[in-house]
Amino acid sequence: TTADYSIAIGQSALGLGVLTGVDNIAIGSTAGYDLTSGAYNVIMGLQAAYNATTADNTVAIGRAAIGSGVLTGDDNVAIGYLAGYDLTSGSSNFFGGLRAGQTVTTGADNVAIGAYSLGLGVLTGDYNVALGYQAGYDLTSGTYNILQGYQAGYNATTADNTVAIGKQAIGLGVLTGTDNIAIGQ
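Quick summary incoming for the structure in this document. Treat the numbers as computed from the prediction; the structure is a model and nothing was measured.

### Focus on the overall build of the protein
Helices and strands together make up the secondary structure of the protein, namely zero helices and eleven strands. Reading the secondary structure of the protein in the N-to-C direction produces β-β-β-β-β-β-β-β-β-β-β. Taken over the C-alpha trace, the protein has a radius of gyration of 17 Å; the compact-globule value for 185 residues is 16 Å, and the two agree within 12%. Its C-alpha atoms give the protein principal-axis dimensions of about 55 × 20 × 20 Å. Split into buried and exposed, the 185 residues of the protein put 49% on the buried side. Considering only contacts in the protein between residues 6 or more positions apart, those separated by 24 or more positions represent 0%. For the protein, the accessible surface area stands at approximately 7500 Å², while carbon and sulfur atoms represent 56% of it.

### Section: a nonpolar patch on the surface
The grouping of Ile7, Ile9, Ile25, Ile27, Met44, Ile61, Ile79, Phe94 and Ile113 at the surface amounts to a nonpolar patch, some 660 Å² of accessible area in total. Within the fold, Ile25 resides in strand β2 (residues 25-27). Residue Ile25 is classed as partly exposed on the basis of its relative accessible area, which comes to 31%.

### Thoughts on the sheet that holds strand β7 (residues 111-113)
Reading across the sheet, the eleven strands line up as β1-β2-β3-β4-β5-β6-β7-β8-β9-β10-β11 and stay open at both edges, with parallel pairing between neighbours. Edge positions in the sheet fall to β1 (7-9) and β11 (181-183), since each has one partner strand and no second. Pairwise comparison of adjacent strand axes, ignoring direction, gives a mean angle of 5 degrees for this sheet. Sheet topology note: the strand β4 (residues 59-61)/strand β5 (residues 77-79) ladder contains three bridges and is parallel.

Rules used in this analysis
- Residues numbered from 1 in each chain as written.
- Predicted model: local features only at pLDDT ≥ 70, side-chain atom pairs only at ≥ 80, totals over all residues.
- Heavy atoms only, no water.
- Helix = DSSP H or I, 4+ residues; strand = E, 2+ residues; numbered from the N terminus.
- Rg over C-alpha atoms; globule rule 2.2 N^0.38 Å.
- Buried < 20%, exposed > 50% of the residue type's maximum accessible area, 1.4 Å probe, protein only.
- Contact = heavy atoms within 4.5 Å.
- Areas by Shrake-Rupley, 256 points an atom, 1.4 Å probe, with all protein chains shown as cover.
- Patch = residues over 30% accessible without salt bridge, like charges linked within 9 Å, V, L, I, M, F, W, Y side chains within 5 Å.
- Salt bridge = Lys/Arg side-chain N within 4 Å of Asp/Glu carboxyl O.
- Pairing = 2+ DSSP bridges.
- Axes fitted to C-alpha atoms, helices over the stretch in contact; angles between N-to-C directions.

Function-wise, these values are silent; they only describe arrangement.
Written as structure tokens, this is what we have:
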């Protein structure tokens, strides 16, 4: 390896031994295990960013945060158990909470804060904000949505330009439409 200024603490942290990226920090067993040319990453937790390869400027904190997807996207933050778990080429995402953004793959510029927010649908959509437990849970290709509250937009799948604020606002019916606003339970 030709990496400079990197720190690895834990069994097989930055483990493959082919790292050329610089200024990486990996703490935890197999944290950053597959990292190759990625640089300026902070990785903490068992199997955090395990399959990240060329990602830059990424923060993965928590067991298996950004742990499954072969991450090539840059500028992502995932904090929490399985947060951003399947992320691949998505970039500039923020996931905070238990399984927040767990199945986001190629989506970019998404924010998910709360347990299981953006948590089930394989999200490829961009520019979504989900705040609250299971907000935007099933979202897949939807874009430009704001989903705030307990299960707000829970079954929205391909919705675009939707605002749902409140407990289960647009929560239980499958939503594929565009330009919807729901405020309240």
